[in-house]
Amino acid sequence: MTDITGQSPATDHWGSSRLRARHRSELWLRGFGLTAIGIALLMLAIMLTSIVTSAVGAFRQTHVTISVPIPADMVDPSDPFSANWRGVMQEYIASVFPDAEPSELRELGGLLSNGAQFRVRDAVVADPSLIGETLTITVPVSDPFDQLAKGYLDRDAPEDQRRLNDLQISAFDQFEQAGAISNPVNLGLLTYGDSRFPELAGLRGAIIGSIYLLLTTFLIAFPVGIGAAIYLEEFAPKNRISDFIEVNINNLAAVPSVVFGLLALAVFLNYFGLPRGAPFVGGLTLALMSLPTIIIATRAALKAVPPSIREAALGIGASKQQVVFQHVLPLAMPGIMTGTILAMAQAIGETAPLLLIGMNAFLTSVPTSPFESATTLPTQIFIWADSPERGFVARTSAGIVVLLVVLVTMNALAIYLRRKFERRW
């Protein structure tokens, strides 16, 4: 009688061959996966290294300490704002370089930033007793001299191929040898508004505009998104209409953000006449874009609550509304918060819809309300990236670093909240 449980040598060889082939396939698959992860991490490291390396220069700003005489015949104590402060600075430069020709004095005056005269003016306005005295103050140097101090300008290049000539470099060296040049941390990057001069440009207006934008987005998208999700998940009848709504919500989550920008341009600006470039309009636009994400995340969090919670609450006499709002919703809130934070992080990094509603204008003033024109961090980065001055290259990268810090912080907060309040059933 033949033993059907036994295997012939041919069958055993065939089985071991298939096993070896399967192991090879698993090794190849694992190798491809590890290679893909390695390439992704390498590209990420190259990108971050490039951005951080370029941004380092923007976090420090070259300053020069000057002693400016405040002539009493040029500054009226009753109205110091009307004084010719540019002339005051020109006289100071002429006193430092008495042998320079008028044409050379104009070149040497470029050492000081355009904002130096306003720094001097503000100091005199704050303390009128300085009129007739000498004011010692530290002001930023202009962008070409800042690049020179940071080593970005080649001193050995031919003079006609440099932004600074030999006379200007010699004047800078004179101040440096006198100990008047310093390179402190550039707090102005976060405290100044935008400017056409790189040494005076900052992100304050963009940061405040982003805050107004995010608050508007949250105040609109959060309650509406949660309300829609609760209705669809807990109260809506299961019919063709609710199925149609669910399909379209899922489709809206994949719509490109520029489409929402076009919608805002046509409806909010052209039809309703809302102010162009205002964070309120941007918040409305991003709220529409964030709603599908919040609704989907909220519905998933509600589904994750075990049916036994609902059954127990109904069993002790709770109404459907009490079950949802007093039992299910509190248990689902950690997942809802996580989804909302991720939706807000996605919204604050959007650029295309904000460009379409005019939030890329050059604005030196800081917005005081959501209804004033403003920029945001992404649009400010876009504006700086299009500027020809060398100093804006570093500031563009610095703006990207600030935006990445905000995004990473928001994502880390979402992970923390999920792990802290998550319940396993």
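Only a predicted model underlies this, so the values are computations on that prediction, with no experimental measurement involved. (Residues numbered from 1 in each chain as written. Predicted model: local features only at pLDDT ≥ 70, side-chain atom pairs only at ≥ 80, totals over all residues. Heavy atoms only, no water.)

With that out of the way, let us pick up the overall build of the protein. When helices and strands are tallied, the protein shows 16 helices and 3 strands. What you see for the protein is a C-alpha radius of gyration of 32 Å, clearly larger than the 22 Å of a compact globule of 425 residues, by over 25%. Sequence-distant contacts, at least 24 apart, represent 74% of the contacts inside the protein between residues at least 6 apart. Here the protein has roughly 23,300 Å² of accessible surface; of this, 62% comes from carbon and sulfur atoms. Mean positive and mean negative side-chain charge positions of the protein (30 and 35 charges, respectively) differ by 19 Å. (Helix = DSSP H or I, 4+ residues; strand = E, 2+ residues; numbered from the N terminus. Rg over C-alpha atoms; globule rule 2.2 N^0.38 Å. Contact = heavy atoms within 4.5 Å. Areas by Shrake-Rupley, 256 points an atom, 1.4 Å probe, with all protein chains shown as cover. Lys, Arg positive; Asp, Glu negative; His and termini not counted. Charge placed at Lys NZ, Arg CZ, Asp CG, Glu CD.)

Further remarks concern the packing of helix α9 (residues 240-252) against helix α11 (residues 279-304). Helix-helix packing is described using two parameters, namely the angle between the two axes and the distance between the axes. Close contact between α9 and α11 brings their axes to 8 Å; oriented N to C, the two are set at 120 degrees. It follows that α9 is oblique to α11 by the angle criterion. Judged by the twist between their axes, the crossing of α9 over α11 is left-handed. Along the contact surface, α9 presents E246, I249, N250 and L252, while α11 presents P292, I295, I296 and R299. For the contact of α9 with α11, a count of residues per class yields 5 nonpolar, 1 polar and 2 charged. (Axes fitted to C-alpha atoms, helices over the stretch in contact; angles between N-to-C directions. Parallel < 35°, antiparallel > 145°, perpendicular 65-115°, else oblique. Left-handed = near helix turned anticlockwise from the far one by under 90°. Nonpolar A, V, L, I, M, F, W, Y, C, P; charged D, E, K, R; others polar.)

Core analysis: the biggest nonpolar cluster contains 35 residues, and V64, I66, I70, L112, V120 and F175 have the highest contact counts within it. Ranked by residues supplied to this core, first place goes to helix α2 (residues 85-96) with 5 residues. Among residues more than four places away in sequence, those in contact with V64 are L112, I137, T138, V139, V141, F175, A180 and I181. Grouped together as the second largest cluster of nonpolar side chains are 30 residues, M344, A345, I348 and L403 included. (Core = buried A, V, L, I, M, F, W, Y, C linked by side-chain atoms within 4.5 Å. Buried < 20%, exposed > 50% of the residue type's maximum accessible area, 1.4 Å probe, protein only.)

A few words now on the environment of Q326. Here Q326 is to be found in helix α13 (residues 320-348). When its relative accessible area of 52% is taken as the criterion, Q326 is described as exposed. Distance from Q326 to T285, taken between C-alpha atoms, is 32 Å for residues 41 residues apart in sequence.

Time to look at a nonpolar patch on the surface. The grouping of L34, I37, L41, L44, M47, L48 and L404 at the surface amounts to a nonpolar patch, some 630 Å² of accessible area in total. A total of 6 residues in the nonpolar patch trace back to one element, the largest contributor, which is helix α1 (residues 9-55). Residue position: L44 is located in helix α1. On the basis of relative accessible area, L44 is assigned to the partly exposed category, the value being 41%. (Patch = residues over 30% accessible without salt bridge, like charges linked within 9 Å, V, L, I, M, F, W, Y side chains within 5 Å. Salt bridge = Lys/Arg side-chain N within 4 Å of Asp/Glu carboxyl O.)

Time to look at the packing of aromatic side chains. Applying the stated criterion to the full structure yields 7 aromatic pairs. Measuring from ring centre to ring centre gives 5.8 Å for W28 and F32, while their planes differ by 35 degrees; the resulting arrangement is tilted. Of the two residues, W28 and F32 both sit in helix α1, 4 residues apart, roughly one turn of that helix. F32 shares its class with W28; the two are exposed. A ring pair is formed by W384 and F392, whose centres lie 6.0 Å apart and whose planes are at 40 degrees; its orientation type is tilted. Taken as a pair, W384 and F392 share a single burial class, namely buried. Lying across the ring of F362, R196 places its NZ or CZ 4.0 Å from the centre. Over the aromatic face of Y152 sits the side chain of R390, whose NZ or CZ is 4.9 Å from the ring centroid. (Phe/Tyr/Trp six-rings, centres within 6.5 Å; stacked < 30°, edge-to-face > 60°. Lys NZ or Arg CZ within 6 Å of the ring centre and 35° of its normal.)

Bridge count between strand β1 (residues 63-69) and strand β2 (residues 134-140): 7 bridges; the pairing is antiparallel. Paired with I66 across the two strands is I137, which belongs to β2. Pairing geometry for β1 and strand β3 (residues 181-182), over 2 bridges, is antiparallel. Bridge pairing in β3 places H63 opposite S182. (Pairing = 2+ DSSP bridges.)

Here we take up the sheet that holds β1. Strand order in this open sheet of 3 strands is β2-β1-β3, and the pairing throughout is antiparallel. Where the open sheet ends on each side, the last strands, each with one partner, are β2 and β3. Running over the sheet, helix α4 (residues 116-126) touches β1 and β2 and is turned about 140 degrees from β2.

Moving on: helix α15 (residues 377-385). With 7 of its 9 residues buried, α15 lies for the most part within the structure. Buried residues of α15: L377, P378, T379, Q380, I381, I383 and W384, and no others.

All right, on to the packing of α13 against helix α16 (residues 391-421) then. As a packed pair, α13 and α16 sit with axes 8 Å apart at the nearest point and diverge in direction by 170 degrees. Taken together, the axes of α13 and α16 lie roughly antiparallel to each other. Judged by residue contacts, P334, M337, T338, I341, L342, M344, A345 and I348 of α13 engage L403, V406, L407, M410, N411, L413, A414, L417, R418 and F421 from α16. Within the contact of α13 with α16, the residues separate by chemical class into 15 nonpolar, 2 polar and 1 charged.

Quick look at α13 now. Look at α13: only 37 Å from first C-alpha to last across 29 residues, short of the 42 Å you get at 1.5 Å a residue. Approximately 50 degrees is the largest bend angle found in α13, and it occurs at L329, with the proline P330 only one to four residues beyond. (Expected span 1.5 Å × (residues − 1). Bend = angle between axes of the 7 residues up to and from the residue.)

Structural measurements only, silent on function.
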